[in-house]
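Topology and contacts: notes
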Amino acid sequence: MRARSEFRNWAGNQVNRPAEVGAPSSAEEVAHAVRRAARSGRRVRMVGSGHSFTGVALTDGVLLRPDALTGVRAAGDGWITVAAGTRLRDLNAELDRLGLALANLGDIDAQTVAGAIQTGTHGTGRDAGGIADQVIALELVLADGRIATVADGGTADLDGIAEQDLFDAARVGLGALGVLTAVTLRAEPAFLLHQVRRPLRLSRILDTLDELTSGNEHLDFYWLPHTDICLTKFHNRSKGPADPPGPLRYWVDTRLVENTLFGAVCAFGARFPQAIPAVNGLTARLLSESACVDSSHRIFITRRDVRFLEMEYAIPRERLGQALRELRDLIDRMDWKIGFPVEVRVTPPSDAWLSTAYGRPSAYIACHVYRTTPHSAYFAGVEEIMVRLGGRPHWGKLHTRDAAYLAGIYPRFADFVALRDRLDPSRVFANDYLDAVLG
């Protein structure tokens, strides 16, 4: 263990100075750290890569870093087991080497596997859900220092807790039930995706939402506020041949336009907000159609160098059109100057108890601001719409919901809290964020 050391998240809005910092390299070392902290009355959290905007990973006690808890443990026909601190980019590289792939991914690959799962990271998919929905087994250290392994379909009993219940609760467990030390994921033969990027009018998308979501395996679109234009991404499986963007095109599109120039535009908008509608209008006119075919993980992942703050809500998919219309009208009515695009994705239902898609086809609306931009009024207005439509906030993104609200929109919320009470009655894994969202 090291003495007090500062932790700062990717966006810079969460800063923490725990009493101690450790870097365990095995489940046994994690278990030792948990038992030691419990004896001294300190709380424990395992941090990921810092890509959450909330305080979900913070602690005033012992902060465990996953830097040494990495690598592939084993792989077989249709599965792979990795240590929980493995970055998604490293997992994707190893899967690719083995001729395998995950069915779906989010658009960030800097996260750790455990961090992505515990906060409910998702991509967009008609048939394939988030990363937690591809988990088939978990290894975790409990509050009493025991190491438990639970698998989908398991029939074991842990002190009266059914293995399937613990599995379904712990997949999106917020670190409240235990510290994840290893994850086994379902994998499939590597596949290609055909990506088409096309500007479409928001009004047209709203009129054809059902057709667009049902007709494409992965639909993702970004609406430019103050315009009627969306950059729409269609991802569908392809038999090939591969036709990836060349090095120059990749550098221009990904490094120059989507990051360097976009960052400069964001900084300009933060200094001169009245210019944002005109800038967005110019951006909309410059968008053009493009296409490529590449390995699935290269299509799913987007490079993000521009730092921002984000709020994202999952709503019933049938309410997506209403939510977007209300959001558009709210921005116009309040005369807010919103430079960052609004991202929209969809997923099928999940059976992980605290997945934002639990029990219903879901649509996700993500609102971002450049990290130096005032955002409280904008995010409060967005949240009011989403809450009224039965929205569930992403666990790793900014929101103000508490346990009283969340208990009403998650059918298994009370079951999760009861499970936590049995597994961690002394709240070894608690922190201020969990106190708010779980009670």
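Attention here is on the structure that accompanies the text. (Residues numbered from 1 in each chain as written. Predicted model: local features only at pLDDT ≥ 70, side-chain atom pairs only at ≥ 80, totals over all residues. Heavy atoms only, no water.)

1. Here's the deal with the overall build of the chain
A count of helical and extended segments in the chain gives 14 helices and 22 strands. At 21 Å, the chain has a C-alpha radius of gyration in line with the 22 Å of a compact globule built from 439 residues. Taken over the C-alpha atoms alone, the chain extends approximately 60 × 50 × 40 Å along its principal axes. Within the chain, buried positions represent 57% of all 439 residues. A separation of at least 24 residues holds for 73% of the contacts in the chain among residues at least 6 apart in sequence. Accessible surface, the chain as shown: approximately 17700 Å² in total, 51% of it carbon and sulfur. (Helix = DSSP H or I, 4+ residues; strand = E, 2+ residues; numbered from the N terminus. Rg over C-alpha atoms; globule rule 2.2 N^0.38 Å. Buried < 20%, exposed > 50% of the residue type's maximum accessible area, 1.4 Å probe, protein only. Contact = heavy atoms within 4.5 Å. Areas by Shrake-Rupley, 256 points an atom, 1.4 Å probe, with all protein chains shown as cover.)

2. Description of the sheet that holds strand S19 (residues 308-316)
Read from one edge of the open sheet, eight strands run S18-S15-S17-S16-S20-S21-S19-S22, paired in antiparallel fashion. Sheet topology places strand S18 (290-295) and strand S22 (392-393) at the edges, where each strand pairs with a single neighbour. Pairing of strand S15 (residues 192-201) with strand S17 (residues 229-238) involves ten bridges; the strand directions are antiparallel. By the bridge assignment, Leu193 is partnered in S17 with Arg237. Where helix H7 (residues 247-271) meets the sheet, it contacts S15, S18 and strand S21 (362-370), and its direction lies at approximately 60° from that of S21. Each of strand S16 (218-223), S19, strand S20 (342-347) and S21 is contacted by helix H10 (residues 320-334), which is oriented at about 25° to S21, the strand it contacts most. (Pairing = 2+ DSSP bridges. Axes fitted to C-alpha atoms, helices over the stretch in contact; angles between N-to-C directions.)

3. Some details on the side chain of His235
Summarising the element assignment, His235 is placed in strand S17. Among the polar contacts listed, one links the side chain of His235 to the side chain of Gln195, at a separation of 3.0 Å. Other than its neighbours up to four places away in sequence, His235 contacts Leu193, His194, Gln195, Glu217, His218, Ile299 and Phe300. (Polar contact = N/O pair within 3.5 Å; in protein donor to acceptor, adjacent residues only side chain to side chain.)

4. Points about the packing of helix H4 (residues 163-170) against helix H13 (residues 413-423)
Axis separation between H4 and H13 bottoms out at 11 Å; the angle between their running directions is 105°. Considering their axes alone, H4 and H13 lie roughly perpendicular with respect to each other. On H13, the residues touching Asp165, Leu166 and Ala169 of H4 are Phe416, Leu419 and Leu423. Split into classes, the residues belonging to the contact of H4 with H13 amount to five nonpolar, no polar and one charged. (Parallel < 35°, antiparallel > 145°, perpendicular 65-115°, else oblique. Nonpolar A, V, L, I, M, F, W, Y, C, P; charged D, E, K, R; others polar.)

5. Concerning the pairing of S21
In terms of burial, S21 is largely enclosed, as eight of its nine residues are buried. As judged from the nine bridges shared by S19 and S21, these two strands associate in the antiparallel manner. Residue pairing for S21: Ile315 is matched across the bridge by Ala363. Strand direction decides the pairing type here: S20 and S21, joined by five bridges, are antiparallel. Bridge assignment links Thr347 to a residue of S21, and that residue is Ser362.

6. Let's talk about the pairing of S17
Within a regular strand, the side chains alternate between the two sheet faces. S17 sits mainly inside the fold: eight of its ten residues count as buried. Inspection of the sheet shows S16 paired to S17 by six bridges, in the antiparallel sense. Across the sheet, Tyr222 pairs through a bridge with Leu231, a residue of S17. Where S16 hands over to S17, the hairpin turn is made up of five residues, of which His226 adopts a positive phi near 75°.

7. Regarding the side chain of Arg392
Inspection of the secondary structure assignment puts Arg392 in strand S22. Lacking a salt bridge, the buried Arg392 has Glu318 as its closest oppositely charged neighbour, with an N-O distance of 10 Å. Among the polar contacts listed, one links the side chain of Arg392 to the backbone oxygen of Tyr358, at a separation of 2.8 Å. Here Arg392 is in contact with Glu312, Tyr313, Ala314, Ser355, Thr356, Ala357, Tyr358, Arg360, Ile409, Tyr410 and Pro411, once residues within four sequence places are set aside. (Lys, Arg positive; Asp, Glu negative; His and termini not counted. Salt bridge = Lys/Arg side-chain N within 4 Å of Asp/Glu carboxyl O.)

8. Thoughts on H10
In this model H10 runs 21 Å from its N-terminal to its C-terminal C-alpha over 15 residues, within 8% of the 21 Å that 1.5 Å per residue would give. Residues of H10 that are buried include every one of Leu320, Gly321, Ala323, Leu324, Leu327, Leu330 and Ile331, and no others. One or two steps after H10, the chain reaches Asp335, where phi turns positive at roughly 60°. (Expected span 1.5 Å × (residues − 1).)

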